[in-house]
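Results of the structural survey
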Amino acid sequence: MFQASQNEQYFDEIVRRANDEYLVWVEQFLDIIEEHYDGLGGTQRLDDIGCCVGQFWKGLKQRQFDIEYYGIDVESRYINTALEIFPELRDHLIQMDITREIPDDSQITVVSATLEHLPFLYPALDHILKTTEKLVLIRTFLGEHTSKSIFMKKEASSPYYINQYSFGEILESFELHDFETKVLRDVYTDSMPKYLGQGIVRTQYLVIGNKKS
Ligand SMILES: C[S@@+](CC[C@H](N)C(=O)[O-])C[C@H]1O[C@@H](n2cnc3c(N)ncnc32)[C@H](O)[C@@H]1O
């Protein structure tokens, strides 16, 4: 599970942020959803893939959209912690490995800082694109070429992937699933390259996919 590739300091930090901070990426996603909101119509189901301890839910709750939230994550420790912090999420959190399982249909799917940690982009990306009816927001590491790296965190018991995917393959997948796309700058990192250690440099972007009607 994901936490085995992290350490207790990471865990303490995600819990602290879920309790104390509103994150820039969440607000950027919510601003985009708000811009599209009139065109979406009716109650929407939103899936948050890689929901961790519920950070996106906290921001969404504040906006009071007519949206039914479902958080999906592979790590049971994060789901249990999310439930402690946000008890109202009972029945709205699903333990699922997006590389193996296909979520129920939703109108909106958001995915932040998760695809880059999967061993492969597919079939997870196809699972997301084929079950989303209207709007997909993906925040991940992109570049001209795909580049796979494995990172070993201090005091972690297993390594994890920090991959970069190519603009070409991501945008082509959206096209194959009938989405129009736009690539946006990630506000939190300003989409500037960052050195992550162990020889890895990555740049975060945001891809918006709008299903063609
Ligand atoms: C770096 S965290 C990102 C959390 C949050 N979305 C954010 O941007 O702050 C990555 C999350 O993806 C989850 N994750 C990793 N692999 C997964 C998989 N195969 N299926 C579902 N969730 C996964 C992890 O458990 C973790 O909660």
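Below: a short report on this structure.

The rules behind these values
Residues numbered from 1 in each chain as written. Predicted model: local features only at pLDDT ≥ 70, side-chain atom pairs only at ≥ 80, totals over all residues. Heavy atoms only, no water. Disulfide = S-S within 2.5 Å. Buried < 20%, exposed > 50% of the residue type's maximum accessible area, 1.4 Å probe, protein only. Helix = DSSP H or I, 4+ residues; strand = E, 2+ residues; numbered from the N terminus. Contact = heavy atoms within 4.5 Å. Polar contact = N/O pair within 3.5 Å; in protein donor to acceptor, adjacent residues only side chain to side chain. Near = heavy atom within 4 Å. Areas by Shrake-Rupley, 256 points an atom, 1.4 Å probe, with all protein chains shown as cover. Nonpolar A, V, L, I, M, F, W, Y, C, P; charged D, E, K, R; others polar. Core = buried A, V, L, I, M, F, W, Y, C linked by side-chain atoms within 4.5 Å. Axes fitted to C-alpha atoms, helices over the stretch in contact; angles between N-to-C directions. Parallel < 35°, antiparallel > 145°, perpendicular 65-115°, else oblique. Left-handed = near helix turned anticlockwise from the far one by under 90°. Phe/Tyr/Trp six-rings, centres within 6.5 Å; stacked < 30°, edge-to-face > 60°. Lys NZ or Arg CZ within 6 Å of the ring centre and 35° of its normal.

1. Points about the state of the cysteines
Considering all chains together, one arrives at zero disulfides under this definition. Here C51 stays unpaired: no disulfide links it, and the sulfur of C52, its closest cysteine neighbor, is 7.3 Å away. Looking at C52, the relative accessible area reads 17%, which means it is buried.

2. What about helix 4 (residues 76–85)?
Restricting attention to buried positions, one finds in helix 4 the residues Y78, I79, T81, A82 and L83. As for helix 4, its buried residues are in contact with helix 1 (8–20), strand 2 (67–73) and strand 3 (93–95). Two or three places before R77, at the opening of helix 4, E75 has a side-chain oxygen 3.2 Å from that residue's backbone nitrogen.

3. A closer look at the site of the ligand
Taken together, 18 residues surround the ligand, and among them G50, D73, D97, I98 and S112 come closest. G50 has a polar backbone atom sitting 2.8 Å from a nitrogen atom of the ligand. With respect to the ligand, the side chain of D73 contributes an N or O atom lying 2.6 Å from an oxygen atom. Protein contacts shield 90% of the accessible area of the ligand, which totals 600 Å² for the unbound molecule. Among the residues making up the shell around the ligand, the classes are represented as ten nonpolar, five polar and three charged.

4. Here we look at the nonpolar core
Counting residues in hydrophobic clusters, the biggest one holds 28 residues, and the most contacted among them are I33, F56 and Y69. Secondary structure elements with two or more residues in this core: helix 2 (24–40), helix 3 (55–63), strand 2, helix 4, strand 4 (106–112), strand 5 (132–143) and strand 12 (204–211). Looking at which element gives the most residues to this core, the answer is helix 2, with seven residues. Y69 has contacts with L46, D48, C51, F56, W57, L60, L89, H92 and L93, leaving out every residue within four places of it along the chain. Grouped together as the second largest cluster of nonpolar side chains are 21 residues, M96, L121, V136 and F179 included.

5. Some points on the packing of helix 1 against helix 4
Two numbers describe how helix 1 lies on helix 4: the axes approach to 11 Å, and their chain directions differ by 30°. When the axis of helix 1 is compared with that of helix 4, the two are roughly parallel. Crossing handedness for the pair helix 1 and helix 4: right-handed. Counted together, E8, Y10, F11, I14, V15, A18 and N19 of helix 1 and R77, Y78, T81 and I85 of helix 4 form the full contact between these two elements. Tallied by class, residues from the contact of helix 1 with helix 4 come to seven nonpolar, two polar and two charged.

6. A short note on the packing of aromatic side chains
Under the defined criterion, the tally for this structure stands at eleven aromatic pairs. Between F2 and Y160, the aromatic rings sit 5.9 Å apart at their centres with planes inclined by 85°, giving edge-to-face as the arrangement. Of this pair, F2 sits in the segment before helix 1 while Y160 sits in strand 7 (residues 160–161), and the two are 158 residues apart along the sequence. Here the aromatic rings of F151 and Y160 are separated by 5.9 Å at their centres, their planes lie at 80°, and the arrangement is edge-to-face. Each member of the pair, F151 together with Y160, is buried. Put simply, the rings of F2, F11, Y78, F151 and Y160 touch in pairs and so form one group of aromatic residues. The ring of Y70 has R45 lying over it, and the distance from NZ or CZ to the ring centre is 4.0 Å. The ring of F11 has R77 lying over it, and the distance from NZ or CZ to the ring centre is 3.7 Å.

7. Here we look at the environment of Q28
Looking at the secondary structure, you find Q28 in helix 2. Separated by 65 residues in the primary sequence, Q28 and L93 have C-alpha atoms spaced 23 Å apart. The residues contacting Q28, other than those within four sequence positions of it, are R185, D186, V187 and L206.

Any functional reading would require information beyond the geometric quantities listed.
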